[in-house]
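Breakdown of the fold
Okay, here's what each chain looks like letter by letter:
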Amino acid sequence: MAYSIQKDKETLGEVLRKMLLIRVFEERSAQLYGLRKIGGFCHLYSGQEAVAMGTISATDPSKDYILTSYRDHGHALGLGMDPGAVMAELYGKETGCSKGKGGSMHLFDVEKKFFGGNGIVGGQIPVAIGTAFKQRYLNETGVTLCFFGDGAIHQGAFHESINLAKIWQLPVLFIVENNEYGMGTAVSRVSSITEYEKKAAGYGLPGYLVDGMDYFDVYTKTSKAVERARKEHEACIMHVKTYRYRGHSMSDPAKYRSKDELQAYKEKDPIQQLFKHMVKEKMTTKKAYETLEEEIKEIVESAVTFSEESNEPPISSLYEDVFSD
Ligand SMILES: Cc1ncc(C[n+]2csc(CCOP(=O)(O)OP(=O)(O)O)c2C)c(N)n1
Ligand SMILES: [Mg+2]
């Protein structure tokens, strides 16, 4: 349903399902990483689910583009990518969405218009300017959603890109997922200002402050921003305040934050908030939620089995897909 709060049971049920899928997938990935089934870098999205789902459910999958950082599992699953193909990519198997050559940080799906997954902090931002430029140049009505972390907003590439977005009137939403830390450094220690929505004024663009723990706030504000980008070709900064429950990556014991801080965010858990709203509106029950949780665990287990049983990419494929034809 476009541009108004999603109220119907089916739509919200699907959102809840995907948020839960992301959570269960991430927590299972953490275990598998510990068992050394998954190698390399792996950055989990637990706690940030309402950001991916609130934004993605405000887009049109037939024409809008999505780009993000290495913390990309939530966006991939939220866009409806096959959990088996995502898990197999984490495993480095040939059945993975990037044929096992990208791993966790480089999920990709052209059909879903998902252009990564980027390991360079802020690296996806200039790429998003490219996709938004293409949309504008060809007079398409699609928009580009570019997600990045609070750490990336200090990269020069961000400032060059947003300047171009303004002067070329590009339909791009710059979505800052402010989870309070860039690796282990608190935003207040590295940012001249922490109200990132205010930075938009420096480029003559609107900025919005968004509660990233609240699906409805994310959805409502994204819907408006998408509409303006689509119709008026106006970019914006969306400063989404969120939190990651796990460490920065799997090698981070997260000693720079207190248990109380983590607990305070868990009390505002985005999945539980949505679930409670749906119970209040008589759209679901505790029992239905438990059944859903079991169903999702099975989906994730099938993804694990699929990954276990898949092969690693053959050595002969080493030079394939390196350059485009
Ligand atoms: C250009 C560049 N510099 C440094 C790094 C190392 N690095 C990886 S993640 C990260 C922190 C980024 O934090 P943030 O943008 O807030 O994203 P989050 O991990 O919190 O989602 C850094 C410094 C990198 N990958 N790329
Ligand atoms: Mg961060």
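Our subject is the structure that appears above.
These numbers were taken from a predicted model, which means no experiment stands behind them.

Some points on the overall build of the protein
A tally of helices and strands in the protein yields 11 helices and seven strands. Based on the C-alpha atoms only, the size of the protein along its principal axes is roughly 55 × 50 × 40 Å. When burial is assessed residue by residue, the protein has 51% of its 325 residues classed as buried. Once local pairs closer than 6 in sequence are excluded, the contacts in the protein between residues at least 24 apart make up 74%.

Looking at the site of ligand 1
Around ligand 1 lies a shell of 15 residues, among which Tyr70, Arg71, Gly151, Asn179 and Tyr181 are the nearest. Contact between ligand 1 and Arg71: an oxygen atom at 2.8 Å from a side-chain N or O atom of the residue. Residue Asp150 places a side-chain N or O atom 2.9 Å away from an oxygen atom belonging to ligand 1. Against a free-state accessible area of 580 Å², the protein chains account for coverage of 71% of ligand 1.

Side note on the sheet that holds strand 3 (residues 172-178)
Sheet architecture is open: five strands sit in the order 1-2-3-7-6, paired in parallel fashion. Taken across any chain shown, the strands that pair with only one partner, and hence form the sheet edges, are strand 1 (65-67) and strand 6 (207-211). Neighbour-to-neighbour, the strand axes of the sheet open up by a mean angle of 20 degrees, direction not taken into account. Note that strand 2 (residues 144-149) and strand 3 share six bridges and pair parallel. Looking at strand 3, one finds that Phe148 is bridged to Val176. This element, helix 2 (residues 49-56), spans strand 1, strand 2, strand 3 and strand 7 (236-241) of the sheet and lies at about 170 degrees to strand 2.

Topic: the coordination of the magnesium ion (ligand 2)
Binding of the magnesium ion (ligand 2) to the protein goes through Asp150 (OD), Asn179 (OD1) and Tyr181 (O), at separations of 2.1 to 2.3 Å. The sequence motif formed by the donor residues of the magnesium ion (ligand 2) is D-x28-N-x1-Y. Taken together, the residues Asp150 in the loop between strand 2 and helix 6 (156-167) and Asn179 in the loop between strand 3 and strand 4 (181-182) connect sequence positions 29 residues apart. Take Asp150 and Asn179: they sit in the same class, and that class is buried.

What about the packing of helix 1 (residues 9-34) against helix 11 (residues 286-309)?
At a closest axis distance of 9 Å, the pairing of helix 1 and helix 11 adopts a crossing angle of 50 degrees. Between helix 1 and helix 11, the interaxial angle falls into the category oblique. Handedness of the helix 1/helix 11 crossing: right-handed. Packed against helix 1, whose contacting residues are Leu16, Arg17, Leu20, Leu21, Val24, Phe25, Arg28 and Leu32, the element helix 11 presents Tyr289, Leu292, Glu293, Glu295, Ile296, Lys297, Ile299, Val300, Glu301 and Val304 at the interface. Its residues assigned to classes, the contact of helix 1 with helix 11 shows 12 nonpolar, no polar and six charged.

Here's the deal with helix 6
If you check helix 6, its first and last C-alpha atoms are 17 Å apart, about what 12 residues at 1.5 Å a residue would give, namely 16 Å. Packing partners of the buried residues in helix 6 comprise helix 5 (124-137), strand 2, strand 3 and strand 7. Looking one or two places after helix 6, you find Gln169, whose phi comes out positive at around 50 degrees.

Overview of the packing of helix 1 against helix 2
Here helix 1 crosses helix 2 at 145 degrees, and the two axes come no closer than 10 Å. Crossing geometry of helix 1 relative to helix 2 is assigned as right-handed. Every residue of helix 2 that contacts helix 1 at Val15, Lys18, Met19, Ile22 and Arg23 is listed here: Glu49, Ala50 and Met53.

What counts, and where the lines are drawn
- Residues numbered from 1 in each chain as written.
- Chains lettered and ligands numbered in written order.
- Predicted model: local features only at pLDDT ≥ 70, side-chain atom pairs only at ≥ 80, totals over all residues.
- Heavy atoms only, no water.
- Helix = DSSP H or I, 4+ residues; strand = E, 2+ residues; numbered from the N terminus.
- Buried < 20%, exposed > 50% of the residue type's maximum accessible area, 1.4 Å probe, protein only.
- Contact = heavy atoms within 4.5 Å.
- Near = heavy atom within 4 Å.
- Polar contact = N/O pair within 3.5 Å; in protein donor to acceptor, adjacent residues only side chain to side chain.
- Areas by Shrake-Rupley, 256 points an atom, 1.4 Å probe, with all protein chains shown as cover.
- Pairing = 2+ DSSP bridges.
- Axes fitted to C-alpha atoms, helices over the stretch in contact; angles between N-to-C directions.
- Donors = N, O, S within 2.8 Å, 3.2 Å for Na, K, Ca; no water.
- Parallel < 35°, antiparallel > 145°, perpendicular 65-115°, else oblique.
- Left-handed = near helix turned anticlockwise from the far one by under 90°.
- Nonpolar A, V, L, I, M, F, W, Y, C, P; charged D, E, K, R; others polar.
- Expected span 1.5 Å × (residues − 1).

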